[in-house]
Amino acid sequence: MTQPQPSTFTAIIKPLTECNLACTYCSVWEKKWERMPLPLMERILDQVSSYAMSVFGPDVETNAMFHGGEPLMMGLDYYEKALDAIKRLQDAGRKIVPSFQTNASLIDERYADFFQRNGCGLSISLDGPRDIHDAARTSKRGAGSYDAVIRGLGLLQERGLDPWVCTVLRKDSIDRLTEIYEHLRDLGIRKVYLLSLYPAGDGANVINDLGIPAEQWSQALAALFDRWCLDERRIPMVDPLSKIVTNLQGTQQRGCVANNKCVSGSVGFMPDGGVFPCAVLTGADPFFYGNIRTQDLGEIMQNSVRTRLLDRHQQLPQTCMDCPFISFCRGGCMHQSYTRNGSPYTFANYCEKELFVHIEQQLLVNGYFSPIDRRAIIARRLDSAGFVPYNNRSFLRKIGTPKTPTIQASGEEVKS
Ligand code: SF4
Ligand code: SF4
């Protein structure tokens, strides 16, 4: 068993699975749970911060991410008490920070002040312009949530808060990806995570109508990559594009599947204390690790399901084992393999190789690789039909990533 050393350990905590919205593709697996009592939340915060420091060392930070359902439905009083627990742990030397994944429709002045006062990390859900967003992200009565989300976003931005925006792309929105990108940019968003609709929860019911085939996804993202690079007002961080650039440069590995972080550096909790790997697999029975109400996390993390998943990249089909991108792709998201094929150890059917090749070629023509790497990459270029290089060595260097300066082949840092 290999256990890479993450710099951040992420605990995805679902205090509830209910939501005020009813998105057509909601990926929450089960919505039948009682809400998480505060003592259980406090036990989880204690155990995850203790586990991370004991396994990965004193410098590893635990990100306690409140997730759902819609986590803000728990009410501010609940989180005031959870934050008190986090502060007590911090005072005792634990490195643990709070964050929220929210649909943003319930953010009011009090929540916005609370986030600002406590330095909370934030990720909100916004699918693009009003008609695209409102076609899927609706209230239970079918009303669009765009206005409420924009109001919540404004309250955050007024306070200087800079949330990630999580944007789910669908078959009926992918052709408007450039417009979606420009809309988010014009809203002042600086960090975007683009996702293809998951076949989980209600998403499984609509995947045939709204899911994006892998080839179409790769082609759309490749086109956006070129638009993004040449955009003088670009959004600094657009994942997965920024992540792929960093991973191809080999300076570090970013993303949940890189370095197997979705298993080694992440854990998810259901409202009853059930423990699972990551956000989208939290609640999927075959990935059940144990229950933190009755077991210590250290014991839970030794379970046989997780032990086997830690070595998933060595059990993949030959197509992936022979792939030049396996070092960071690792066969793609195991959730995709599981939901499409019934097992995390199969080919994901969501191969992004075409996108990786495209970005690699753009990096190549812009002088990013050593001569040895270049030979292998030029050989792969034969696979890349229709590629149009940009003869502009400086454009990729303008990609600003808040956490990671871009690196030239020489190893010299290029500040963006
Ligand atoms: S996708 Fe998120 S915001 Fe939409 S119904 Fe599900 S939990 Fe709520
Ligand atoms: S790019 Fe495709 S073939 Fe290569 S490791 Fe990823 S899923 Fe497998």
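Residue numbers restart at each chain and count upward from 1, following the sequence in its written direction. All chains are assigned letters beginning with A, and all ligands numbers beginning with 1, in the order in which they are written. At least 70 in pLDDT is required for a residue's local features to be given in this predicted model, at least 80 for side-chain atom pairs to be given and counted, and no such filter applies to totals for whole chains, interfaces and linings, which use all residues.

1. Observations regarding unusual backbone geometry
We count it as follows: Runs of E in the DSSP output that reach at least two residues are strands. Runs of H or I that reach at least four are helices, and both are numbered from the N terminus. Any residue whose C-beta has 12 or fewer other C-beta atoms within 10 Å is treated as exposed, any with 20 or more as buried, and any in between as partly exposed, C-beta atoms being built from the backbone.
Along the chain, Gly 68 connects to Gly 69 via a cis peptide bond; the corresponding omega equals 15 degrees. Tracing the chain through its elements places Gly 69 in the loop between strand 2 (61-66) and helix 2 (76-91). In this structure, the amide linkage connecting Asp 239 to the following residue, Pro 240, adopts the cis form with an omega of 10 degrees. Assignment of secondary structure puts Pro 240 in the loop between strand 7 (237-239) and helix 9 (241-249). At Ala 104, a residue that is not glycine, the phi angle is positive and equals roughly 75 degrees. Non-glycine residue Arg 330 carries a positive phi angle of around 55 degrees. Tracing the chain through its elements places Arg 330 in the loop between helix 14 (326-329) and helix 15 (334-341). Judged by the 25 C-beta atoms lying within 10 Å of it, Arg 330 is buried.

2. Brief notes about the site of ligand 1
Cut-off, in case you're wondering: Here, nearness is defined through the C-beta atom: a residue counts as near a molecule or strand if that backbone-placed atom lies within 6 Å of it. Here the nonpolar group is Ala, Val, Leu, Ile, Met, Phe, Trp, Tyr, Cys and Pro; Asp, Glu, Lys and Arg are the charged ones; every other residue, Gly included, is treated as polar.
Taken together, Cys 19, Leu 21, Ala 22, Cys 23, Cys 26, Val 28, Gly 68, Gly 69, Glu 70, Asn 103, Ser 125 and Arg 137 are the residues near ligand 1. Among the residues forming the shell around ligand 1, the class breakdown is six nonpolar, four polar and two charged.

3. Remarks on the site of ligand 2
With respect to spatial proximity, 13 residues lie near ligand 2, and among them Cys 320, Cys 323, Cys 329, Cys 351 and Lys 353 are the closest. Among the elements of the structure, helix 13 (318-321), helix 14 and helix 16 (353-365) are those that each provide at least two residues to the shell around ligand 2. Of the residues that constitute the shell around ligand 2, the class distribution is eight nonpolar, three polar and two charged.

4. A few points about the sheet that holds strand 1 (residues 8-13)
The line we're drawing: If DSSP finds at least two bridges between two strands, the strands pair. What counts as a contact is two residues whose backbone-derived C-beta atoms lie within 7 Å of each other. Helix axes are fitted to C-alpha atoms over the stretch in contact, other axes to C-alpha atoms as well, and angles between N-to-C directions run from 0 to 180 degrees.
With mixed pairing, 10 strands are arranged side by side in an open sheet as 7-6-5-4-3-2-1-8-9-10. The open sheet has two edge strands with one neighbour each: strand 7 and strand 10 (290-291). Pairing analysis gives four bridges linking strand 3 (residues 96-102) to strand 4 (residues 121-125), with the strands arranged parallel. Opposite Phe 100, over in strand 4, you have Leu 122 as the bridge partner. On top of the sheet, helix 2 reaches strand 2 and strand 3; it is set at about 155 degrees to strand 3, its chief contact.

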